[in-house]
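Observations on chain architecture
Next come the chains, spelled out residue by residue.
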Amino acid sequence: MNSDHNIIHFQISTSSNIVPPNKRLIYDYRQANFDGLRKKLNDMDLCTLLTNNGTECSIDGDWFTWKKAMFSAMNEFIPTKHVDPYRTPPWITSTILHQIRKKVTARKRFLSRGTEYLKAKFNQLRTDVKKLIKESRKLFFSSLGNTLRINPKRFWSVFKINSNTGTIRKSVSKTNPNIPETRLHANTPCDIATLFNEYFHSVYTNFSGQSSSPRPDFSPPLSSISSIVLSLEEVYLALQNLDPFKAHGPDGFPSRVLKECAFQLAPSLHYLFTKSLRLSQIPTEWKLANIIPLHKKGVKEQVENYRPISLLSIVSKTLERCVLNHLFLRIQESVHSAQYGFISGRSSTSQLLLTLHKIGKDLDKGLQTDVVFMDISKAFDTVDHSKLLQKLRDFGLSGSLLLWFENYLSGRCQRVTVHGATSTPLPITSGVPQGSLLAPFLFSVYINDLPDNISISTGVGLYADDTKLHRCVQNRNDALALQSDIQSLHCWSNENLLSFNKSKCKVLSITRRTSPLIYPYALGDHQLLSSDVESDLGITISSRLLWNVQINKVQSKANKTLGLIRRSTMEITDMNARRLLYLQLV
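A short tour of the structure in this document, coming up. (Residues numbered from 1 in each chain as written. Predicted model: local features only at pLDDT ≥ 70, side-chain atom pairs only at ≥ 80, totals over all residues. Heavy atoms only, no water.)

Details of the overall build of the protein chain
The helix and strand tally for the protein chain stands at 19 helices and 18 strands. Overall size of the protein chain, expressed as C-alpha extent along the three principal axes, is 95 × 90 × 60 Å. For the protein chain, the residues scored as buried account for 42% of the 586 residues in total. For the protein chain, contacts bridging at least 24 residues in sequence account for 74% of all contacts bridging at least 6. Carbon and sulfur atoms make up 53% of the accessible area of the protein chain, which amounts to about 32600 Å² in all. (Helix = DSSP H or I, 4+ residues; strand = E, 2+ residues; numbered from the N terminus. Buried < 20%, exposed > 50% of the residue type's maximum accessible area, 1.4 Å probe, protein only. Contact = heavy atoms within 4.5 Å. Areas by Shrake-Rupley, 256 points an atom, 1.4 Å probe, with all protein chains shown as cover.)

Encoded structure:
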């Protein structure tokens, strides 16, 4: 057939960098000899090793001596193994994996030689593998119901194999800070880790160039806590209460070993903790955080859609637990009654009940209540350390304990690990240490004086950094009083170097009046948006205090969860297990 189109010849040269899977080296606890390890630790006498025959070492020197001795003993009694990063279904046993490898080898030989014998051998291996997988899968699901109560993680492993929510793309990007219209891209594991770390680091504020106004030196109104003396028993109990499945921090020391050998390790760690509190110093390695990016929502190729999960040293968090236990009574007595987050005996439910009961009573009287929802932008990451230390002093901490907190906050760094690559550490210049046990306490202290800036007739509720004001508004003067309280919060945020996210700060007028009083509330020079429906601590509140929106939301979520259970447990025949899942999740 004739054609007036000429043939175009071209050649494209391309290459792809295939990144081999990075197998992680972990301890194989199933093969561990913990009895032998305990005996080894008893014979080692770590306390004598740390005291170094009476010679005083630095806290860093003691920590690395302790860690080196521990890893040496662990490597002797706990074998290691490499773990493939790809998720293998839990019913695929080592025997099945061996048969799969034999099948792959037989297929390669058949394709290269093409004999009938090799073809028959490959077909037989393929049949055997399919049969083994089918039988193993059936056995796994039949036993799953029996072990659900004692080993729930085994059940949830079924969901993980079909989920890629935790995976990070092999190519990511972030907005170019110099040219906002463009994006910076990363394609290799090292570049991806660096890009994530730079983005997570960008939220911190460097206050070194800002001078805070000097405060008069006066004795705190509370009885001062200048030091903490730990007992051997409380260190042992803290080790005993560790979660053995918690991920380790940058030091690589697992919580499983700390818990299994708590009796043997308590004396040496008691020595380390006591020395840390006495010298007001934290080992440098305890100040390093490993960051794991976790996808929130949106496009997975954009780092802005991830939030950081911080992994810290388990040993450091054990010391934090001991310190927190000693400050428990002070926290219960001195944290403002309006704060319902992180305080024993208080919860989001109790705060909602108290607030909604007051609003409901006014609503039944035909009154209007204006509720202002305030959102502090990056609250935990932008705390000024110098101001926090001043507030800790006002809170009643002094002496070596206050100096310990100063050292605890200073010199901290973070690094990101993805796809087996780890970025260069970057300094943390502000905020409370994410992932630490002391972070909630420190943040509560930092914003403890926030409610003091609100007038008595305006209600205030705090849950961590979530803040709301509510006031019965019968006339313009009431609205002006609420506006004055909003302005007071604006001034408080400027004094404490925090900023409200103005786009997320909203006003909800709760009333049954056909013509409610509408007032243009403003935060600084920004007029706050009005809303008919607002979410507060997981509960959807409407302007007429009706619950149909909340009920529909809960019903929709329950139906989705029920559908997930039904699709994922079709092979579980144990009705008690299915009932338990329904009661726990739906």
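So, next bit.
Some details on the packing of aromatic side chains
Aromatic rings considered in pairs are described by the distance between their centres and by the relative angle of their planes. Summed over the entire model, instances satisfying the criterion amount to 20 aromatic pairs. Between tyrosine 27 and tyrosine 29 the ring centres are 6.3 Å apart and the planes differ by 35 degrees, which places this aromatic pair in the tilted class. Judged by relative accessible area, tyrosine 27 falls into the buried class, the value being 16%. Grouped by ring-pair contacts, the aromatic residues Trp63, Trp66, Phe71, Phe253, Phe273 and Trp286 constitute a single cluster. Residue placement shows lysine 391 over the ring face of tyrosine 446; its charged tip is 4.6 Å from the ring centre. Between arginine 412 and the ring centre of tyrosine 408, over which it is positioned, the NZ or CZ distance is 4.7 Å. (Phe/Tyr/Trp six-rings, centres within 6.5 Å; stacked < 30°, edge-to-face > 60°. Lys NZ or Arg CZ within 6 Å of the ring centre and 35° of its normal.)

Remarks on the sheet that holds strand β12 (residues 466-472)
One open sheet accounts for five strands, arranged β11-β12-β7-β13-β16; its pairing is mixed. The open sheet has two edge strands, β11 (459-463) and β16 (529-531), and neither has a second partner. Ignoring strand direction, the axes of neighbouring strands in this sheet form an average angle of 25 degrees. Sitting on the sheet, helix α13 (residues 348-364) is in contact with β7 (369-375), β11, β12 and β13 (506-510), with an inclination near 20 degrees to β12. Of the strands in this sheet, β7 and β12 are in contact with helix α17 (residues 476-495), which crosses β12 at around 160 degrees. (Pairing = 2+ DSSP bridges. Axes fitted to C-alpha atoms, helices over the stretch in contact; angles between N-to-C directions.)

Focus on α13
If you check α13, its first and last C-alpha atoms are 24 Å apart, about what 17 residues at 1.5 Å a residue would give, namely 24 Å. Listed in full, the buried residues belonging to α13 are Gln351, Leu352, Thr355, Leu356, Ile359, Gly360, Asp362 and Leu363. When α13 is viewed along its axis, its buried side chains cluster within an angular range of 160 degrees and face the same direction. Summarising the geometry of α13, the exposed residues directed more than 90 degrees from the buried face are Leu353, Leu354, His357 and Asp364. Check the buried side of α13 and you find it contacts β7, β11, β12, β13, β17 (533-536) and β18 (539-542). One or two residues past the end of α13 sits glycine 366, with phi positive at roughly 85 degrees. (Expected span 1.5 Å × (residues − 1). Arc of directions from axis to C-beta.)

Structural notes on the nonpolar core
Burial of nonpolar side chains together is a common tendency in soluble globular proteins. If you look at the biggest cluster of nonpolar residues, it comprises 92 residues, and the most contacted ones within it are Trp66, Phe405 and Phe441. Here this core gets nine residues from one element, more than from any other, and that element is helix α3 (residues 59-77). Here phenylalanine 441 is in contact with Leu324, Leu327, Ile331, Leu392, Phe395 and Phe405, once residues within four sequence places are set aside. Ile168, Ala186, Ala289 and Val303 belong to the second-largest nonpolar core, a separate cluster that totals 16 residues. (Core = buried A, V, L, I, M, F, W, Y, C linked by side-chain atoms within 4.5 Å.)

Notes on the packing of helix α18 (residues 548-568) against helix α19 (residues 575-585)
Two elements in contact, α18 and α19, have axes whose closest approach is 10 Å; the angle formed by their N-to-C orientations is 155 degrees. Taken together, α18 and α19 sit at an angle that is classed as roughly antiparallel. The way α18 lies across α19 gives a crossing that is right-handed. Contacts between α18 and α19 involve Thr561, Leu562 and Ile565 from the former and Leu581, Tyr582 and Leu585 from the latter. (Parallel < 35°, antiparallel > 145°, perpendicular 65-115°, else oblique. Left-handed = near helix turned anticlockwise from the far one by under 90°.)

With respect to the side chain of threonine 318
Residue placement: threonine 318 occurs in helix α11 (residues 314-326). At 2.8 Å, the side chain of threonine 318 forms a polar contact with the backbone oxygen of isoleucine 314. (Polar contact = N/O pair within 3.5 Å; in protein donor to acceptor, adjacent residues only side chain to side chain.)

Focus: the pattern of salt bridges
Following the criterion strictly, the structure yields 15 salt bridges and no others. A salt bridge links lysine 502 to aspartate 525; the nearest nitrogen and oxygen atoms lie 3.7 Å apart. Taken together, the positions of lysine 502 in the loop between α17 and β13 and aspartate 525 in the loop between β14 (522-523) and β15 (526-527) put the pair 23 residues apart, joining distant regions of the chain. Through salt bridges with shared partners, a single network forms among Asp35, Arg38, Arg256 and Glu260. (Salt bridge = Lys/Arg side-chain N within 4 Å of Asp/Glu carboxyl O.)

Considerations on the pairing of β11
Note that β11 and β12 share five bridges and pair antiparallel. Opposite glycine 459, over in β12, you have histidine 470 as the bridge partner. Taking the residues between adjacent antiparallel strands as the criterion, β11 and β12 are bridged by two residues, where alanine 464 takes a positive phi near 60 degrees.

What about helix α1 (residues 34-44)?
Along α1, the residues that are buried comprise Phe34, Gly36, Leu37 and Leu41. Projection of α1 onto a plane perpendicular to its axis shows the buried side chains occupying an angular sector of 155 degrees, all on one side. Facing away from the buried side of α1 by more than 90 degrees, the exposed set consists of Asp35, Lys39 and Asp43. Contacts made by the buried residues of α1 are with α2 (46-51), α3, α9 (255-260) and α10 (262-279). Phi turns positive, to about 55 degrees, at aspartate 45, one or two residues after α1.

Focus: the environment of aspartate 28
For aspartate 28, the position within the fold is in the loop between β1 (24-27) and α1. Taking the C-alpha atoms as reference points, aspartate 28 and threonine 382, separated by 354 residues in sequence, lie 40 Å from one another. Filtering out sequence-adjacent residues up to four positions away, aspartate 28 remains in contact with Ile78, Pro79, Thr80 and Lys81.

Section: unusual backbone geometry
The backbone phi angle of phenylalanine 342 is positive, close to 70 degrees, even though this residue is not glycine. The exposure class of phenylalanine 342 is partly exposed, given its relative accessible area of 43%. Phi at lysine 378 takes a positive value of approximately 45 degrees, unusual for a residue other than glycine. For lysine 378, the location among the structural elements is in the loop between β7 and α14 (385-394). Relative accessible area serves as the criterion here: at 44%, lysine 378 is assigned to the partly exposed category.

These values are about where atoms sit, not about what they do.
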